[in-house]
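Examining the three-dimensional arrangement
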Amino acid sequence: MLEPQDLKQIETIVRSTVEDLLNPIKQELADIEFELKEIKERLDKLEKAEMQDVSAAYRDIESLKKRINDLETQVKSLQTAQN
């Protein structure tokens, strides 16, 4: 039968072996989590930039539509004045 001291040694060996096996996995997981965090941050920045670009494009479109209306009004006025 095993003595308590023997069981402690076996437990220590098993724990050490398990830790040795888990350490590379833990490191790889940490590396993946770090890269994932960086990708998410880049994605957030890109999404914000996209929203700003869309907003700017919409403002430009609205401004151009207004300018078109103004110019069409001027053309009509000039055509009416010419006739």
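Right, let's walk through the structure included here. What you are looking at is a predicted structure, and each value in this text was computed from that prediction instead of being measured. (Residues numbered from 1 in each chain as written. Predicted model: local features only at pLDDT ≥ 70, side-chain atom pairs only at ≥ 80, totals over all residues. Heavy atoms only, no water.)

So, about the overall build of the chain. Within the chain, the secondary structure is distributed over 1 helix and 0 strands. Its C-alpha atoms give the chain a radius of gyration of 35 Å, more than 25% over the compact-globule value 12 Å for 83 residues. Viewed in the frame of its principal axes, the chain has a C-alpha envelope of about 120 × 15 × 10 Å. For the chain, buried positions account for 0% of its 83 residues. (Helix = DSSP H or I, 4+ residues; strand = E, 2+ residues; numbered from the N terminus. Rg over C-alpha atoms; globule rule 2.2 N^0.38 Å. Buried < 20%, exposed > 50% of the residue type's maximum accessible area, 1.4 Å probe, protein only.)

This part takes up the pattern of salt bridges. Applying the stated criterion to the full structure yields 5 salt bridges. Between K65 and E62 there is a salt bridge, and its shortest N-O distance comes to 3.8 Å. You can see K65 and its partner E62 sitting in helix α1 (residues 4-82), 3 residues apart, about one turn around the helix. Given a relative accessible area of 46%, K65 falls into the partly exposed group. (Salt bridge = Lys/Arg side-chain N within 4 Å of Asp/Glu carboxyl O.)

We now examine the environment of S16. Mapped onto the secondary structure, S16 falls in helix α1. Each C-alpha atom, one on S16 and one on V75, is 87 Å from the other, the two residues being 59 residues apart in sequence.

With 79 residues, α1 extends 112 Å between its outermost C-alpha atoms, agreeing within 8% with the 117 Å of an ideal straight helix rising 1.5 Å per residue. Its axis deflected by about 30° at L22, α1 carries its strongest bend there, up to four residues before the proline P24. (Expected span 1.5 Å × (residues − 1). Bend = angle between axes of the 7 residues up to and from the residue.)

Moving on to a negative patch on the surface. Taken together, E28, D31, E35 and E38 make up a surface patch of like negative charges. Summarising the element assignment, E28 is placed in helix α1. (Patch = residues over 30% accessible without salt bridge, like charges linked within 9 Å, V, L, I, M, F, W, Y side chains within 5 Å. Areas by Shrake-Rupley, 256 points an atom, 1.4 Å probe, with all protein chains shown as cover. Lys, Arg positive; Asp, Glu negative; His and termini not counted. Charge placed at Lys NZ, Arg CZ, Asp CG, Glu CD.)

Judged by side-chain polarity, L2, L7, I10, V14, V18, L22 and I25 come together as a nonpolar surface patch covering roughly 590 Å² of accessible area. Tracing the backbone shows V18 in helix α1. Classification of V18 by relative accessible area gives partly exposed; the value is 37%.

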